[in-house]
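Structure assessment
Spelled out, the chains give:
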Amino acid sequence: MKKGQILEGYIERVDFPNKGFAVVEDEEKKVIVKNTVPEQKVRFAVNKIRKGQAEGRLLEILEHSPEECQPACPHFGVCGGCTYQNLPYEKQVEMKEAQIHAMMDAAVDGDYIWEGVKESPVREAYRNKMEFSFGDEYKDGPLALGMHKRGSFHDIVNVTECKIVDEDFRKILLATLDFFAAKEVSFYHRLRHAGYLRHLLVRKAVKTEEILIDLITTTQDFDMDEKTFEVQKHSLEAQLLEKSGKCPCAGSIDEGAERVMLNEWEECLRALPLKGKIQGILHTKNDSVADVVKNEGTDILFGQDFFYEELLGLKFKISPFSFFQTNSLGAEVLYSTAREFILGDKEDLLNDKIVYDLYSGTGTIAQMLAPISKKVVGVEIIEEAVEAAKENARLNRLDNCEFLAGDVLKMLDQIEERPDYIVLDPPRDGIHPKALERIIHYGVESMIYISCKPTSLARDLEVFLARGYRVEKICCVDMFPSTVHVETVVGLHRKDM
């Protein structure tokens, strides 16, 4: 087997995340082919061989699996947003359960209770937040607004019929695309670091149906032609900007002309016949060369820069860049599961206890536990999220919550009260090894670990087990139908308790 070789094979199994194993006739080794499902026959090109393991790029599905169904979304297979829309939902959950169960069995030494995967309450239109990207569907093509093309860092697919968001998202996307396409406004080229339009961020609350819309752009002149850009980008100032990680022509915008155009766009959106209510239309500046949504200053074009969502009887104020679970109804299942893991049949378990909510985000878990705890201390590195958590606690009349901004490892040394119980909900990469040792050092009887990335969870669990903890039970919640992702809740207890 060699790089560039075209082969055919049957997909024997799919491991997390999205690793299909193709069995090739007359070959001793199996090849990893992503974006496949079990029992497909596929043609692929070997594009990588590393440490004896070959990986291939899917070229064609020669035979479909008997389990497959017709995808509801016309963009499926081209758009990189979803992976499993070609499987019935029950089969998606079944495959995720097998993947995570096998991973946890490999990581956990000893018996534990496996509670399977809880389904999402909604299977379509479940996302309450989307970050759409501007670009073109092919080189030098017309303006596009949507998701990255599967397997591409540059090409963008117009997703005007996306099924994981509701109709209001689609109307806002289409109106924005039509508006800027008609005005022939440039998009940000990720390789040249030139152009104006970057992203469109849309958030919508499920319970209140309030909507927040944010256009993210550079501060480059949106009317600049190629010749002018080539001259300007070679100036000393432009070179210094690019060296510092900024777009080379940042600050070249005519702010008066920009304001007129943005006001027209805002009026266009406000005229849309939406089911929900627009609470705010915003404009965020981002001159970083990195292809991320970064806030370098936000102006309010209309309304306000926040809206409200409700979760498990609590009210939450959400700003454009606040962390909040993207599936609101699924989040209720997730946090209810966490609460069940913590309390079991003892509703008064935390009455006189101090609880640490580490990596607390906007304080959802902390506020869920506050009414039944002596005190909850939340730690979160993103200051905006901490301020939102404090305000949310005031909204919900909870006076026994304390939220601290800073890195978990550093902040733990500054908290005087020792915890009786710890809740962990870290980012995708899991817990920093030094922070993990510091957390274990408290020696609390029980902890809950909520993870959005099972591979990071498996790595961290091995450390917990080596330091005297045992896994009591595990349950997954499918927060992201049609994708490879799943949330996992783990109950940990000290072995000597």
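Report on the accompanying structure. (Residues numbered from 1 in each chain as written. Predicted model: local features only at pLDDT ≥ 70, side-chain atom pairs only at ≥ 80, totals over all residues. Heavy atoms only, no water.)

1. A few points about the environment of leucine 424
- Among the structural elements, leucine 424 can be located in strand S19 (residues 421–424).
- Among the residues examined, leucine 424 registers a relative accessible area of 0% and is labelled buried.
- The spacing of leucine 424 and proline 88 is 336 residues in sequence and 32 Å in space, taken between C-alpha atoms.
- Ignoring sequence-local partners within four residues, the contact set of leucine 424 consists of Leu358, Tyr359, Ile431, Ile439, Met447, Ile448, Tyr449, Ile450 and Phe464. (Helix = DSSP H or I, 4+ residues; strand = E, 2+ residues; numbered from the N terminus. Buried < 20%, exposed > 50% of the residue type's maximum accessible area, 1.4 Å probe, protein only. Contact = heavy atoms within 4.5 Å.)

2. Focus: the sheet that holds S19
- With mixed pairing, eight strands are arranged side by side in an open sheet as S6-S21-S22-S20-S19-S16-S17-S18. Of all strands in the sheet, those bounded by a partner on one side alone are strand S6 (113–118) and strand S18 (401–405). Between one strand axis and the next, the sheet turns through 15 degrees on average, direction left out of account.
- Where strand S17 (residues 375–380) and S18 come together, five bridges link them in parallel fashion. What sits directly across from valine 376, in S18, is cysteine 401.
- Where helix H1 (residues 89–107) meets the sheet, it contacts S6, strand S21 (469–477) and strand S22 (487–494), and its direction lies at approximately 150 degrees from that of S6.
- Relative to S18, helix H8 (residues 383–395) is tilted by about 165 degrees, and along the sheet it contacts S17 and S18. (Pairing = 2+ DSSP bridges. Axes fitted to C-alpha atoms, helices over the stretch in contact; angles between N-to-C directions.)

3. Concerning the state of the cysteines
- Counted under the stated rule, the structure contains zero disulfides.
- Here cysteine 82 is not cross-linked by a disulfide; its sulfur's nearest cysteine counterpart is in cysteine 162, at 6.3 Å.
- Of the residues examined, cysteine 82 reaches a relative accessible area of 10% and is grouped as buried.
- Between cysteine 476, a cysteine without a disulfide, and cysteine 475, which holds the nearest cysteine sulfur, the sulfur-to-sulfur distance is 6.5 Å.
- Assessed through its relative accessible area of 0%, cysteine 476 is described here as buried. (Disulfide = S-S within 2.5 Å.)

4. As for the pattern of salt bridges
- Counted according to the given criterion, the structure contains 32 salt bridges.
- With its nearest N and O atoms 2.9 Å apart, the salt bridge here joins lysine 183 to glutamate 264. Of this pair, lysine 183 sits in the loop between helix H2 (167–182) and strand S10 (197–204) while glutamate 264 sits in helix H5 (residues 255–270); the two residues are 81 residues apart in sequence, bridging distant segments of the chain. (Salt bridge = Lys/Arg side-chain N within 4 Å of Asp/Glu carboxyl O.)

5. Examining the sheet that holds strand S9 (residues 156–158)
- In space, the seven strands of this open sheet follow the order S9-S8-S7-S10-S11-S12-S13, with mixed pairing throughout. Of all strands in the sheet, those bounded by a partner on one side alone are S9 and strand S13 (298–303). Sheet twist, expressed as the mean angle between neighbouring strand axes with direction ignored, is 35 degrees.
- In terms of strand pairing, strand S7 (residues 129–136) meets S10 through five bridges, oriented antiparallel. Paired with phenylalanine 132 across the bridge in S10 is leucine 200.
- Along the sheet, H2 contacts S7, strand S8 (143–148), S9, S10 and strand S11 (210–217); its crossing angle with S10, the most-contacted strand, is approximately 155 degrees.
- Contacting S10, S11, strand S12 (277–285) and S13, H5 crosses the sheet at an angle of about 155 degrees to S12.

6. Considerations on the side chain of histidine 75
- Residue position: histidine 75 is located in the loop between strand S5 (53–63) and H1.
- Take histidine 75: its relative accessible area is 12%, and that puts it in the buried class.
- In terms of polar contacts, histidine 75 uses its side chain to reach the backbone carbonyl oxygen of asparagine 158, at 3.4 Å.
- In this view, histidine 75 contacts Asn158, Val159, Thr160, Glu161 and Cys162; residues no more than four positions away in its chain are not counted. (Polar contact = N/O pair within 3.5 Å; in protein donor to acceptor, adjacent residues only side chain to side chain.)

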